[in-house]
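Below are the chains, spelled out letter by letter.
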There are 2 protein chains.
Amino acid sequence: MRGLYAIIDVETLDRRGLDPLRFAESVLEAGPAALQVRDKVGGARRALARLRSLAPLSARRGVPLFANDRPDLALLSGCDGVHVGQDDLPVALVRSLAAGRERKLRVGLSTHDEAQVKRALEEAPDYLALGPIFATSTKENASPVVGLDALARLAALVRAARPGLPIVAIGGIGMENAARVGEHADAAAVIAALLPEGNGADAWSRVTDRAAALHAAICGVRRAE
Amino acid sequence: MRGLYAIIDVETLDRRGLDPLRFAESVLEAGPAALQVRDKVGGARRALARLRSLAPLSARRGVPLFANDRPDLALLSGCDGVHVGQDDLPVALVRSLAAGRERKLRVGLSTHDEAQVKRALEEAPDYLALGPIFATSTKENASPVVGLDALARLAALVRAARPGLPIVAIGGIGMENAARVGEHADAAAVIAALLPEGNGADAWSRVTDRAAALHAAICGVRRAE
């Protein structure tokens, strides 16, 4: 996993009257490294319908699709994986729900400080998210800002312990800092910096351009070893 | 399923500083027909831990335990089933998550009016909940009150279509109306009328007494055919 890890925050899009599927399509067109859907407010039935619409679109582009929090929705919709937070189900239990099924679930885990990173290494997720790297507006009650220096230090710690485990930096990442993030992290999760200004075809096509630029900014920089 | 369907609303108990497990034990001691845990605010990890503590206690008393909304938590904790609402996952999909497992999931479905009851019959849940029968204080944004007359009419409709399908009445049910509810419904879901006044041993033992009295009030009345 290298490049842009795009997050579709349905609540934010709903509030602005923007169609989450249209947004996802615009982002997918840029070919990001991964796509995650955060969809916590409208009920599981609606969230499942949305993931089921998205799964074939993601698959066609070869972009892995992650549900947020809920392995049941991921399994029922054909997602590639689930992203869980510190209060969500443990990684091993998420995987156990897919036991006996043809398709396994990849599991990503959020961390916010060194202690959580160390515990996460024991949980052995398929990738590890760390943040917020910078101040962020899209998450209420966000943890304290981690900063670039701590990202560099914790990324080195993770690589020493689990070489090859992807690190996804998250929080306040946009064009102005994506390359610096990419020096340390494998991928950068972006929410706000991808949102369209308006609802016209132009606005959507600029979403694709911005996603492509962010992806290239991260991929274009050499990661520190 | 006949008698008291007790609901543990963790948010309400937390707000009053009452231990949900202690409450569940007090209710289980009365031997209700079923126990459901509503636990939507503290994260899935904590909700799962709670269900895992409760499952053996329920099993020992022979009381079926239902998780709310989330089949993943029900499967991982050894619950007997899941209760889903109109915005949650469809009954068939909940069941499909348990496919290939030794233990199936029983699925209950909430309905609030005749149209939903009719659709629910097609979904074929293991029981059907209907309410709010009376005004209720424990659910925000509750649907309009159904009333006893509509309960009688819809219960008859359900029995004609699916003889033997248990009907659980819910909403504003306490000692003053449990018997009248039991004339039409198989079980009565109770939240507020079970809550203890205080935290002492006396208060908990009164919870058991009240649960037993509610259970007896429903079981003691002859159901209309």
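Refer to the structure above for everything that follows.
Figured I'd write up the structure that's included with this text.

Quick notes on the sheet that holds strand β7 (residues 167-170) of chain B
All names here are of chain B. Strands sit in the order β1-β2-β3-β4-β5-β6-β7-β8 around a closed barrel of eight strands; the barrel is parallel. In this sheet, neighbouring strand axes are inclined to one another by 25° on average, regardless of whether the strands run parallel or antiparallel. Lying over the sheet, helix α2 (residues 20-28) contacts β1 (3-9) and β2 (34-38), oriented at roughly 175° with respect to β1.

Topic: helix α9 (residues 201-219) of chain A
Its 19 residues give α9(A) an end-to-end C-alpha distance of 27 Å, which sits within 8% of 27 Å, the value for a rise of 1.5 Å per residue. At its buried positions, α9(A) is contacted by β1 (3-9), α2 (20-28), α8 (178-182) and β8 (187-190) of chain A.

Things to note about helix α9 (residues 201-219) of chain B
Along α9(B), the residues classified as buried are Ala203(B), Trp204(B), Val207(B), Thr208(B), Arg210(B), Ala211(B), Leu214(B), His215(B), Ala217(B) and Ile218(B). Tucked into the core, α9(B) has its buried residues touching β1, α2, α8 (178-182) and β8 (187-190) of chain B.

Notes on the nonpolar core
Among the nonpolar cores identified, the biggest contains 140 residues, and Leu35(A) and Leu35(B) are the most heavily contacted of them. If sequence neighbours within four positions are ignored, Leu35(B) has contacts with Ala6(B), Ile8(B), Ala24(B), Val27(B), Leu28(B), Leu54(B), Ser58(B), Val63(B), Pro64(B), Leu65(B) and Phe66(B).

Quick word on the relation of the copies chain A and chain B
Mapping chain A onto chain B leaves a residual RMSD of 0.0 Å; the transformation is a rotation of 180° accompanied by 0.0 Å of translation along its axis. The transformation relating the two chain copies, once decomposed into turn and shift, fits a two-fold axis. Looking at the rotation axis and the C-alpha trace of chain A, the residue lying nearest is Asp72(A), at 2.8 Å. Take the interface residues of chain A: 100% of them recur as interface residues in chain B, which is what a same-surface contact looks like.

Here's the deal with the pairing of strand β5 (residues 106-111) of chain B
All names here are of chain B. Of all six residues making up β5, five are buried, and the element is well covered by its neighbours. Pairing of strand β4 (residues 81-84) with β5, which is carried by four bridges, proceeds in the parallel orientation. Within the sheet, the bridge partner assigned to Val82 lies in β5 and is Val107. Of the crossover connections in this fold, the one passing from β4 over helix α5 (residues 91-97) to the parallel β5 is right-handed. Inspection of the sheet shows β5 paired to strand β6 (residues 127-130) by four bridges, in the parallel sense. The residue of β6 that forms the bridge with Thr111 is Leu130. Crossover β5 to β6 through helix α6 (residues 114-123) is right-handed.

Some details on the pattern of salt bridges
For the structure on display, the rule yields 26 salt bridges over all chains. We note a salt bridge from Asp69(A) to Lys40(A), for which the minimum N-O separation is 3.1 Å. Of this pair, Asp69(A) sits in the loop between β3 (65-68) and α4 (71-77) while Lys40(A) sits in the loop between β2 (34-38) and α3 (44-61); the two residues are 29 residues apart in sequence, bridging distant segments of the chain. Residue classification places Lys40(A) among the exposed residues on the basis of a relative accessible area of 56%. For the salt bridge of Asp39(B) with Arg46(B), the shortest nitrogen-to-oxygen distance reads 3.9 Å. Each of the salt bridges in this network shares a partner with another, and the network as a whole consists of Asp14(A), Asp39(A), Arg46(A) and Arg50(A).

Quick word on unusual backbone geometry
All names here are of chain A. Cis geometry marks the peptide bond from Gly131 to Pro132; its omega dihedral reads 0°. Positionally, Pro132 belongs in the loop between β6 (127-130) and α7 (148-161). Within the chain, Asp69 stands out as a residue other than glycine whose phi angle is a positive 75°. Residue classification places Asp69 among the buried residues on the basis of a relative accessible area of 12%.

What about the packing of α2(A) against α9(A)?
Residue and element names in this part refer to chain A. At a closest axis distance of 7 Å, the pairing of α2 and α9 adopts a crossing angle of 45°. Viewed along their axes, α2 and α9 adopt a mutual orientation that is oblique. You can see that α2 and α9 cross each other, and the crossing is right-handed. For the pair α2 and α9, the contacting residues are Arg22, Phe23, Ser26 and Val27 in the first and Trp204, Val207, Thr208 and Ala211 in the second.

Things to note about the packing of aromatic side chains
All names here are of chain A. This model, assessed by the stated rule, comprises eight aromatic pairs over all chains. Aromatic pair Phe66 and Tyr127: ring centres 5.3 Å apart, planes at 90°, arrangement edge-to-face. Taken together, the positions of Phe66 in strand β3 and Tyr127 in strand β6 put the pair 61 residues apart, joining distant regions of the chain. Assigned by exposure class, Phe66 and Tyr127 land together as buried.

Looking at the interface of chain A and chain B
Where interface size is given, it is often the accessible area lost as the parts come together that is meant. Between chain A and chain B, the contact holds 23 residues from the first and 24 residues from the second. Taken over both partners, the interface formed by chain A and chain B buries close to 1800 Å², and the fraction arising from carbon and sulfur atoms is 58%. It is Arg45(A), Leu89(A) and Leu97(A) in chain A that bury the most area against chain B; as a group they hold 32% of the surface buried on that side. The interface formed by chain A and chain B includes two salt bridges. Between the two partners, chain A and chain B, sit ten residue pairs in polar contact (both at pLDDT 80 or more).

Rules used in this analysis
- Residues numbered from 1 in each chain as written.
- Chains lettered and ligands numbered in written order.
- Predicted model: local features only at pLDDT ≥ 70, side-chain atom pairs only at ≥ 80, totals over all residues.
- Heavy atoms only, no water.
- Pairing = 2+ DSSP bridges.
- Helix = DSSP H or I, 4+ residues; strand = E, 2+ residues; numbered from the N terminus.
- Axes fitted to C-alpha atoms, helices over the stretch in contact; angles between N-to-C directions.
- Contact = heavy atoms within 4.5 Å.
- Expected span 1.5 Å × (residues − 1).
- Buried < 20%, exposed > 50% of the residue type's maximum accessible area, 1.4 Å probe, protein only.
- Core = buried A, V, L, I, M, F, W, Y, C linked by side-chain atoms within 4.5 Å.
- Least-squares fit on C-alpha atoms with pLDDT ≥ 70 in both.
- Right-handed = clockwise from strand over helix to strand, strands pointing away.
- Salt bridge = Lys/Arg side-chain N within 4 Å of Asp/Glu carboxyl O.
- Parallel < 35°, antiparallel > 145°, perpendicular 65-115°, else oblique.
- Left-handed = near helix turned anticlockwise from the far one by under 90°.
- Phe/Tyr/Trp six-rings, centres within 6.5 Å; stacked < 30°, edge-to-face > 60°.
- Buried area = accessible area lost by both parts, 1.4 Å probe.
- Polar contact = N/O pair within 3.5 Å; in protein donor to acceptor, adjacent residues only side chain to side chain.

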